[in-house]
Amino acid sequence: MGSDSGLPVMKDAARILNMFGVPYEVKIVSAHRTPEMMFSYASSALERHSDYHCWCSPLARSLTPVPVIGVPVRASALDGLDSLLPIVQMPRGVPVATVAINNATNAGLRAVRMMGIRDADLLARMSQYQEDTRNDVLRNAEKLKKDGWVSYLNP
């Protein structure tokens, strides 16, 4: 994260990674306030055996060969567009997977799916997660049909 203000958003990626038993690191590294530290951290990602990074700094994306998942954080009057646009407008040759503004949950899920390509157990657990979320939707749809929207919203 670029500052501690991103932690309330990024905690959702940590929760997903915890759920799937994927080791991770939470760190504050600001490209603007600690550029030397950010340069060193991004440049050493591969040496630290980091498979994927959820990161917002444009410079960090160009310093590491590991896949980067950009999580735009809503932190200004521009409703997060100021965070989103630099991530999705990276120049040719600097690819970044991007999730919706403040959607670190999807960043965590994307990382798990990417790692699942070479980890059959992780892939199986992702399939089960998808089945569980599907079943949640079906249960909710049945409850709404049975009880009506007023009861559904006011249990």
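Scroll up a little and you will see the structure.
Residues numbered from 1 in each chain as written. Predicted model: local features only at pLDDT ≥ 70, side-chain atom pairs only at ≥ 80, totals over all residues. Heavy atoms only, no water.

### Describing the overall build of the protein
And step 1. A tally of regular secondary structure across the protein gives six helices and three strands.
And step 2. Listing each helix as α and each strand as β along the protein from the N terminus yields α-α-β-α-β-α-β-α-α.
And step 3. Along the first, second and third principal axes, the C-alpha set of the protein runs to 60 × 40 × 30 Å.
And step 4. Within the protein, buried positions represent 33% of all 155 residues.
And step 5. For the protein, long-range pairs separated by at least 24 residues make up 51% of all intrachain contacts whose partners lie at least 6 apart in sequence.
And step 6. Accessible surface for the protein amounts to roughly 9700 Å². Of this, 57% is attributable to carbon and sulfur atoms.
And step 7. The averaged location of the 15 negative side-chain charges in the protein is 4 Å from the averaged location of its 17 positive side-chain charges. (Helix = DSSP H or I, 4+ residues; strand = E, 2+ residues; numbered from the N terminus. Buried < 20%, exposed > 50% of the residue type's maximum accessible area, 1.4 Å probe, protein only. Contact = heavy atoms within 4.5 Å. Areas by Shrake-Rupley, 256 points an atom, 1.4 Å probe, with all protein chains shown as cover. Lys, Arg positive; Asp, Glu negative; His and termini not counted. Charge placed at Lys NZ, Arg CZ, Asp CG, Glu CD.)

### Quick look at the side chain of S30
And step 1. In this fold, S30 is placed in the loop between α1 (7–19) and α2 (35–43).
And step 2. Among the polar contacts listed, one links the side chain of S30 to the backbone nitrogen of H32, at a separation of 3.2 Å.
And step 3. One polar contact links the side chain of S30 to the main-chain amide nitrogen of R33, over a distance of 2.8 Å.
And step 4. Every residue in contact with S30, bar those within four places of it in the chain, is listed here: M1, G2, P35 and M38. (Polar contact = N/O pair within 3.5 Å; in protein donor to acceptor, adjacent residues only side chain to side chain.)

### Comments concerning helix α6 (residues 120–153)
And step 1. The end-to-end C-alpha separation of α6 is 39 Å, well short of the 50 Å expected for 34 residues at 1.5 Å each.
And step 2. The sharpest bend along α6 comes to roughly 110 degrees, located at D147.
And step 3. In this structure D119 caps α6, since a side-chain oxygen of it lies 3.1 Å from the backbone nitrogen of D121. (Expected span 1.5 Å × (residues − 1). Bend = angle between axes of the 7 residues up to and from the residue.)

### Things to note about the pattern of salt bridges
And step 1. Applying the stated criterion across every chain, the model contains seven salt bridges.
And step 2. In this structure, R74 engages D79 in a salt bridge whose closest nitrogen and oxygen atoms are separated by 3.0 Å.
And step 3. The shortest N-O distance in the salt bridge between R139 and D136 comes to 2.4 Å. With R139 and D136 both in helix α6 and three residues apart, this pair spans about one turn of that helix.
And step 4. Classification of D136 as partly exposed rests on a relative accessible area of 36%.
And step 5. A single network of salt bridges, built from pairs that share partners, joins K11, D12 and R15. (Salt bridge = Lys/Arg side-chain N within 4 Å of Asp/Glu carboxyl O.)

By themselves, these are just geometric observations and shouldn't be taken as functional.
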